[in-house]
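Residues per chain are reported as follows:
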Amino acid sequence: MLQVGSARTRITPPLGTLLAGNAGLKREASGILDHLYAKALVLSDGESTIAVVSCDVIGVDRSFTERIRSMATAETDIPADRILITATHTHTGPQTIDVFRDKDEEYVATFEKQVVSAIRLARADLTPGRISTSQGTEPTLAFNRRILT
């Protein structure tokens, strides 16, 4: 029987944190419009368990994902090679990768703990569930603001 668990942890940086995106511009967080989250989904069939985590940041690098996998494996029974971590690529989140400028190491240390917590909480939340698929379109979800229309 399939079991499913989910959890999210808030990863919104403190005001004053250097924001990613817009190469060459130095922007600091001056307010909060929407909170940022690490969202984890854990699936288990009783023999295998996997975790998928989506983080509201510009990106995650190999060293980050390796540390998260190692820490999460130590705290759960989920093998490191069965943990997928991805980023939503938001340009108004903290600098988490070394692109155009150095990542914010202080923020990343806190961010790592929150991601591991999301995985641990989702693992603890396992309940019977099922999976299905669907297909559709949503043309108003995203657009390029730089294209003149």
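Shown above is the structure to which this text applies.
Residues numbered from 1 in each chain as written. Predicted model: local features only at pLDDT ≥ 70, side-chain atom pairs only at ≥ 80, totals over all residues. Heavy atoms only, no water.

*Asks:* Mind showing me how you'd approach the pattern of salt bridges here?
*Replies:* Pairing between side chains becomes possible if they bear opposite charge and their charged atoms approach one another. Counting across every chain of the model gives four salt bridges. As a salt-bridge pair, arginine 67 and glutamate 112 come within 2.4 Å of each other at their nearest N and O atoms. Of this pair, arginine 67 sits in helix H1 (residues 62-75) while glutamate 112 sits in helix H2 (residues 105-124), and the two are 45 residues apart along the sequence. For glutamate 112, a relative accessible area of 10% corresponds to the buried category. A salt bridge links aspartate 77 to arginine 123; its shortest N-O distance comes to 2.7 Å. With aspartate 77 in the loop between H1 and strand S4 (83-87) and arginine 123 in helix H2, this residue pair connects regions lying 46 residues apart in the sequence. (Salt bridge = Lys/Arg side-chain N within 4 Å of Asp/Glu carboxyl O. Helix = DSSP H or I, 4+ residues; strand = E, 2+ residues; numbered from the N terminus. Buried < 20%, exposed > 50% of the residue type's maximum accessible area, 1.4 Å probe, protein only.)

*Asks:* I'm lost on a nonpolar patch on the surface in this one. Help?
*Replies:* Taken together, the side chains of Leu41, Ile50, Val52 and Leu84 make up a nonpolar region of the molecular surface, amounting to roughly 280 Å² of accessible area. On the basis of relative accessibility, which here comes to 32%, the residue valine 52 falls in the partly exposed class. (Patch = residues over 30% accessible without salt bridge, like charges linked within 9 Å, V, L, I, M, F, W, Y side chains within 5 Å. Areas by Shrake-Rupley, 256 points an atom, 1.4 Å probe, with all protein chains shown as cover.)

*Asks:* What am I meant to see in the sheet that holds S4 here?
*Replies:* Strand pairing in a sheet takes place through backbone hydrogen bonds and is either antiparallel or parallel in direction. In space, the five strands of this open sheet follow the order S4-S3-S2-S1-S5, with mixed pairing throughout. Each having just a single partner strand, S4 and strand S5 (127-128) make up the two edges of the open sheet. Inspection of the sheet shows strand S1 (residues 3-10) paired to strand S2 (residues 37-44) by eight bridges, in the antiparallel sense. The partner of glycine 5 across the bridge, within S2, is valine 42. (Pairing = 2+ DSSP bridges.)

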